[in-house]
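Chains, contacts and geometry: an overview
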Amino acid sequence: MVHYGHSNQLRQARAMGDYLIVGVHTDEEISKHKGPPVFTQEERYKMVQAIKWVDEVVPAAPYVTTLETLDKYNCDFCVHGNDITLTVDGRDTYEEVKQAGRYRECKRTQGVSTTDLVGRMLLVTKAHHSSQEMSSEYREYADSFGKCPGGRNPWTGVSQFLQTSQKIIQFASGKEPQPGETVIYVAGAFDLFHIGHVDFLEKVHRLADRPYIIAGLHFDQEVNHYKGKNYPIMNLHERTLSVLACRYVSEVVIGAPYAVTAELLSHFKVDLVCHGKTEIVPDRDGSDPYQEPKRRGIFCQIDSGNDLTTDLIVQRIIKNRLEYEARNQKKEAKELAFLEAMRRQEVQPSGEKYGNF
């Protein structure tokens, strides 16, 4: 998947240098080393390119990062999160570049992983929504989903994401609309931020020479009211970071009203309101939530040319349920074996610890 945890890693990596090149693996490579990918390689190439800290994307990047690869793209060093990534046979994929001193590390984002997001879709629980108590069912899931018989490791598993004002500041552009810019307002759930959202926002971005796009994100309870089931899969805090990471978005309204009101339009000095081809569910009183921008003649419906929805992503996951559960167990077993090997290496037979100098 591509989620805000990846975006945060790319943000940190970009801050370490001047130009960020991101290598994205093929479906075949991911299936071989990790398990079935949720998004196709073409979807992932485009999604990564839409993250605002990315300067260039290398398609079909090798799973094992070598010095040859770094030299080919004129890179001084490579960056990965402080979790381990292993080949199908349990080897560290960054071993060569680490030994050459061309490896740097950034902090992994606590509380989000593909493992967790897949689990939320499979479990059909609302425990991840803001202001919801974690149920005993979800706690049990969090403790066991993808867990191999050997126990838990620090990377594969589930933990709770805690939003902070600092994280929002790091993701936000901090820029206000400038004279001559066209202020465009879009609203929705933007759940499991995916290529359908990216294609829509890219089309909206092309509507003006100097666009300033404001995305209004609905509260979890509002999204659940019109989407049902256990939607949204990502809570409001998580959806905020996902949308802020997109290069086409300038500002996010956290907890926007469902109806686009005259007050909202005046407050943000909105020139244009856009919506995709998805169904517009009437407000609780039966009214059209876009009646005010339509009355003003500033409403525009956009065809993104992409029919991918959050529902379809969930269907992909459910279809491959057994494969994903096996993937997580296999991944954790490899990581635990690697951790044990590292511990054995650190302690000599005499029990004395040694280090490399």
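For the protein, the name recorded in an unreviewed UniProt entry is Ethanolamine-phosphate cytidylyltransferase, with Daubentonia madagascariensis as its organism. Database annotation for the protein, UniProt heading Sequence similarities (unreviewed entry): "Belongs to the cytidylyltransferase family." Per UniProt, the protein carries the Catalytic activity (unreviewed entry) text "phosphoethanolamine + CTP + H(+) = CDP-ethanolamine + diphosphate".

Our focus in this paragraph is the pattern of salt bridges. Applying the stated criterion across every chain, the model contains 17 salt bridges. Among the ionic pairs, Arg295 bridges to Glu292, the shortest N-O distance being 2.7 Å. Placement of both Arg295 and Glu292 in helix α13 (residues 291-296) is noted, with a separation of three residues, approximately one turn of the helix. On the accessibility criterion, Glu292 (15% relative accessible area) is buried. Several salt bridges converge on common partners, so that one network encompasses Lys46, Asp199, Glu202 and Arg206.

Of all hydrophobic cores here, the largest spans 59 residues; its most connected members are Met121, Val186, Phe190 and Leu201. Counting residues per element, this core draws most heavily on helix α9 (residues 195-205), at five residues. Sequence-distant contacts of Val186, that is, excluding residues within four places in its chain, are made with Phe200, Leu201, Val204, Ile213, Ile214, Ala215, Gly216 and Cys274. With 14 residues, the next largest nonpolar core counts Val183, Ala187, Val270 and Val273 among its residues.

With that out of the way, let us pick up the packing of helix α6 (residues 114-123) against helix α14 (residues 310-319). Where α6 meets α14, the axes come as close as 10 Å, and the angle between the chain directions of the two elements is 90°. When the interaxial angle is binned, α6 and α14 end up roughly perpendicular. In this structure, α6 uses Val118, Met121 and Leu122 to contact α14, whose residues at the interface are Ile313, Val314, Ile317 and Ile318. Considering only residue class, the contact of α6 with α14 consists of seven nonpolar, no polar and no charged.

Reading the values: rules and limits
Residues numbered from 1 in each chain as written. Predicted model: local features only at pLDDT ≥ 70, side-chain atom pairs only at ≥ 80, totals over all residues. Heavy atoms only, no water. UniProt positions renumbered as here; feature names shortened; annotations may be inferred. Salt bridge = Lys/Arg side-chain N within 4 Å of Asp/Glu carboxyl O. Helix = DSSP H or I, 4+ residues; strand = E, 2+ residues; numbered from the N terminus. Buried < 20%, exposed > 50% of the residue type's maximum accessible area, 1.4 Å probe, protein only. Core = buried A, V, L, I, M, F, W, Y, C linked by side-chain atoms within 4.5 Å. Contact = heavy atoms within 4.5 Å. Axes fitted to C-alpha atoms, helices over the stretch in contact; angles between N-to-C directions. Parallel < 35°, antiparallel > 145°, perpendicular 65-115°, else oblique. Nonpolar A, V, L, I, M, F, W, Y, C, P; charged D, E, K, R; others polar.

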